[in-house]
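Chain and residue survey
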Amino acid sequence: MDKKMAGLLGAAAALTTLGSAQAAPAPQAPLAAAISYKDLLEPIPNAMAALRDDATRSQAGSGAKMERVQYYHHHHHHGYGPGIVGGIIGGVIGGALAPAPPCYWTYGRPYWDGYRWVRPRIQVCR
């Protein structure tokens, strides 16, 4: 979108918001601060009776079997020995099968380029 089109769209959006009525939330009566748990439970009918029934059911044991529905197995690394041995064996076998590359990359001698020290990467071939 070019700048003219973006400006026109912005102006149109500004003009449409000027004409519309702004809605204000309806005034509400302030809530009384709860001092105790009894104050919090007052709006619920028979809340104390329901809590007592629930407490007696949980203490008596309803006979329902509780089971875990989500199981998360956290994997711990129990020893690095097999990985190290496998890497060494793989390196020995791979090194014996693959010929050494004729060339490799390394850093050359550092030089000052007028701003900083630079270590160029150079290729060394045998």
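Numbering of residues starts from 1 in every chain and runs along the sequence as written. Per-residue local features of the predicted model are confined to residues with pLDDT of at least 70, and side-chain atom pairs are confined, for both listing and counting, to 80 or more; whole-chain, interface and lining totals are unaffected and use all residues. Only hydrogens and water are set aside when side-chain values are computed; all heavy atoms of the structure are taken into account.

**Examining the overall build of the protein chain**
Helix and strand definitions here come from DSSP, where helices need a minimum of 4 consecutive H or I residues and strands a minimum of 2 consecutive E residues; each element is numbered from the N-terminal end. In terms of helices and strands, the protein chain carries four helices and four strands. Going from the N terminus to the C terminus, the protein chain shows its helices and strands as α-α-α-α-β-β-β-β. Relative accessibility under 20% of the residue-type maximum defines a buried residue, over 50% an exposed one, and the middle range a partly exposed one, all with a 1.4 Å probe and only protein chains included. Expressed as a percentage of the 126 residues in the protein chain, the buried residues total 2%. Contacts are assigned to residue pairs with any non-hydrogen atoms lying within 4.5 Å of each other. Once local pairs closer than 6 in sequence are excluded, the contacts in the protein chain between residues at least 24 apart make up 3%. When the accessible surface of the protein chain is totalled, it reaches about 12600 Å², and 63% of it is carbon and sulfur. All accessible areas in this document rest on Shrake-Rupley with a 1.4 Å probe, and a residue is counted as covered only by the protein chains that are shown.

**A closer look at the packing of aromatic side chains**
Stacked, edge-to-face and tilted labels apply to pairs of Phe, Tyr and Trp rings (six-membered ring for Trp) whose centres lie within 6.5 Å, assigned for plane angles under 30 degrees, over 60, and everything in between, in that order. Under the counting rule described, the total for this entry stands at one aromatic pair. Measuring from centroid to centroid gives 5.6 Å for Trp112 and Trp117, while their planes differ by 65 degrees, and the two rings are edge-to-face. Overall, the relative accessible area of 47% leaves Trp112 in the partly exposed class. With relative accessibility at 60%, the residue Trp117 sits in the exposed group. Geometrically, a charge over a ring is one whose NZ (Lys) or CZ (Arg) sits within 6 Å of the ring centre while staying within 35 degrees of the ring normal. The residue whose ring lies beneath Arg121 is Tyr107, and the NZ or CZ to ring-centre distance is 5.5 Å.

**Here's the deal with the environment of Cys125**
On the secondary structure map, Cys125 appears in strand E4 (residues 121-125). When residues no more than four places from it in sequence are discounted, the contact partners of Cys125 are Pro102 and Cys103.

**As for the confidence of the model for the protein chain**
Taken over all residues, the pLDDT of the protein chain has a mean of 74, while the share at 70 or more is 62%. The lowest-confidence element of the protein chain is helix H1 (residues 3-19), averaging 70 in pLDDT; the highest-confidence one is strand E3 (residues 117-118), averaging 94. Every residue carries a pLDDT, the predictor's confidence in it, which falls somewhere between 0 and 100.

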